[in-house]
Amino acid sequence: MSRLVERLKAHAGESWTAYVRHPWLVGIHDGDLSMDRFRFFLVQDLPYLADFSRVYFMGFAKLTPKDLRRFRPFLKLIADYDEGNVEERWLAEIGCNEYSTDRWAALKAREGYMNHLVRTAYEGTAFEIFASTLPCCVGFAEIGDWLKDTDVAGHHAVYRKWIEHYRRPFQRAQVDALVAALETCTETLHESDLEALERVFLRSVQHQIHVFDAAWRTSDPWPGPGTFAG
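The paragraphs below set out a description of the structure included in this document. (Residues numbered from 1 in each chain as written. Predicted model: local features only at pLDDT ≥ 70, side-chain atom pairs only at ≥ 80, totals over all residues. Heavy atoms only, no water.)

## So, helix α8 (residues 126-147)
(1) Moving on: In a regular helix each residue adds 1.5 Å, so 22 residues correspond to 32 Å; α8 covers 31 Å between its end C-alpha atoms and thus fits that length.
(2) Moving on: The largest bend along α8 reaches roughly 45 degrees and is located at Leu-134, with the proline Pro-135 sitting one to four residues downstream.
(3) Moving on: Of all 22 residues that make up α8, 19 are buried, and the element is covered over most of its length. (Helix = DSSP H or I, 4+ residues; strand = E, 2+ residues; numbered from the N terminus. Expected span 1.5 Å × (residues − 1). Bend = angle between axes of the 7 residues up to and from the residue. Buried < 20%, exposed > 50% of the residue type's maximum accessible area, 1.4 Å probe, protein only.)

## Thoughts on unusual backbone geometry
(1) Moving on: Even without glycine at this site, Thr-218 takes up a positive phi of about 50 degrees.
(2) Moving on: Along the polypeptide, Thr-218 turns up in the segment after α11 (191-217).
(3) Moving on: When its relative accessible area of 36% is taken as the criterion, Thr-218 is described as partly exposed.

## Side note on the side chain of Asp-67
(1) Moving on: Mapped onto the elements of the fold, Asp-67 is located in helix α5 (residues 65-78).
(2) Moving on: Looking at Asp-67, the relative accessible area reads 11%, which means it is buried.
(3) Moving on: A distance of 2.9 Å separates a polar atom in the side chain of Asp-67 from a polar atom in the side chain of Arg-70.
(4) Moving on: With near-sequence residues (within four places) excluded, Asp-67 lies in contact with Phe-127 and Cys-185. (Polar contact = N/O pair within 3.5 Å; in protein donor to acceptor, adjacent residues only side chain to side chain. Contact = heavy atoms within 4.5 Å.)

## Comments concerning empty space enclosed by the protein
(1) Moving on: Per the stated rule, a full pass over the model turns up one cavity of 30 Å³ or more.
(2) Moving on: The volume enclosed by the largest cavity comes to roughly 40 Å³.
(3) Moving on: Lining the largest cavity are Phe-40, Phe-41, Gln-44, Ala-109, Arg-110, Val-211, Ala-214, Ala-215 and Asp-220.
(4) Moving on: Breaking the lining of the largest cavity down by element, the ones donating at least two residues are α4 (35-62), α7 (108-123) and α11.
(5) Moving on: Partitioning the lining of the largest cavity into residue classes produces six nonpolar, one polar and two charged. (1 Å grid on protein atoms, 1.4 Å probe; cavity = no way out; pocket = protein on both sides within 12 Å on 5 of 7 lines; lining within 4 Å. Points joined across faces, edges and corners; volume = space filled by probe spheres on them. Nonpolar A, V, L, I, M, F, W, Y, C, P; charged D, E, K, R; others polar.)

Without other data, these values stay purely geometric and don't point to any function.
Encoded structure:
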């Protein structure tokens, strides 16, 4: 992995490990995750995916023409990729037809993550935008590497498909293309700019943990009328 990513992961510290070895992921690895937890994660992931894709393109729009050329291999890899379609097939396979891709379907943890990404996209530099997406793409590539030697013979069929999805070569290829471009473009950044990348990266990691926590609980309710949250 690149020097930049290693720096960002070091800044995240124990939060990074808490993310990529979350009990939800350990359950997938071991094959004993409850279907309710799996379903909850997918249903909440669908509203998030549209914003995740949008912020990439907002990042591309903020790049200089020279830097945009460096990101072209990554752009080509993701241009035709539709993860939402993949997740909807998984939901159909487990008999879940009650979900929405609308942003208003997101509960607290997901909306918090979505809002962090979108705010970074509006207020941040192109490099801050890409740093905010790195925990998701780098993390799942790392998770895929961890799962490569997993014996899935006894896993539920949809868990086998989930694992194969994230340990397939494409997952690592698109992450490597993104990281290579970002590493090259940020080589001459001032220290204060690198610290800004650390901040948005860490916050994304923290949001990732909250998302998995909610899926582990299978609960993330909005306060109802008259609820005192003080």
